[in-house]
Every structure is written in C-alpha cells, then in structure tokens.
Amino acid sequence: MTIDTTNMCSHLQRKLFDADGEYSAIREQIERDSNLTTVVRSRQLHVYRNGKKILVLAGKSAPKIVREDELNKTL
C-alpha cells in the first residue's frame, strides 16, 4: 500500500517520508502490512487496521492513539 500525500500537511509529509523522519518507521510498516489502510482527512493521516481506526498522525501536534495496536509501539 502506498500513502496518498494529496492534501497532507507538509510537516507530516516530512515526518513520514524523510529518512530520519519521526514517523518513517510507521510508514514502512503501513506499506508492508496489508491489513493497514490510510486516509488523509483535515491534512492529517488516519490509520486503520481491518476497518477500525487505530491512530491519527498530525504534522505539528502529537499523534492521537485511538486503539491499542502493535503499530503504536513504534511511536
């Protein structure tokens, strides 16, 4: 799965796609795991596992953990 960057905050793009970015490990897991999907809403990245929201990543504010998941351990 690839992450759509349309309408995504530029700060969040840097955190996700820079090699030393804060969320680069999360991006790699999203791209490898077929159960994870993402949607960009309000310039934030919403991460879902099997249709249930688990995490919201924003550019300037802290990530919001919605459900406990193994992906959250990489934060």
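Up top you'll find the structure we're talking about.
Residues numbered from 1 in each chain as written. Predicted model: local features only at pLDDT ≥ 70, side-chain atom pairs only at ≥ 80, totals over all residues. Heavy atoms only, no water.

A. Geometry of helix α2 (residues 24-32). Restricting attention to buried positions, one finds in α2 the residues Ser24, Ile26, Arg27 and Ile30. Relative to the axis of α2, the buried residues are bounded by an arc of 155° and lie together on one face. (Buried < 20%, exposed > 50% of the residue type's maximum accessible area, 1.4 Å probe, protein only. Helix = DSSP H or I, 4+ residues; strand = E, 2+ residues; numbered from the N terminus. Arc of directions from axis to C-beta.)

B. Up close: unusual backbone geometry. Of note in this structure, serine 42 is not a glycine but carries a positive phi near 50°. Structurally, serine 42 is set in the loop between β1 (36-41) and β2 (44-49). A relative accessible area of 70% places serine 42 in the exposed class. Despite not being glycine, asparagine 50 has its phi angle at roughly 55°, a positive value. Mapped onto the elements, asparagine 50 comes out in the loop between β2 and β3 (52-57).

C. Representation of the environment of threonine 2. Structurally, threonine 2 is set in the segment before α1 (10-17). With a relative accessible area of 68%, threonine 2 lands in the exposed category. Sequence-wise, threonine 2 and threonine 37 are 35 residues apart; in three dimensions their C-alpha atoms are separated by 9.1 Å.

D. Quick peek at the sheet that holds strand β4 (residues 64-65). With respect to topology, four strands assemble into an open sheet ordered β1-β2-β3-β4, the strand pairing being antiparallel. Each having just a single partner strand, β1 and β4 make up the two edges of the open sheet. Examined bridge by bridge, β2 and β3 share five bridges and lie antiparallel to one another. For tyrosine 48, the partnering residue across the bridge sits in β3 and is lysine 53. (Pairing = 2+ DSSP bridges.)

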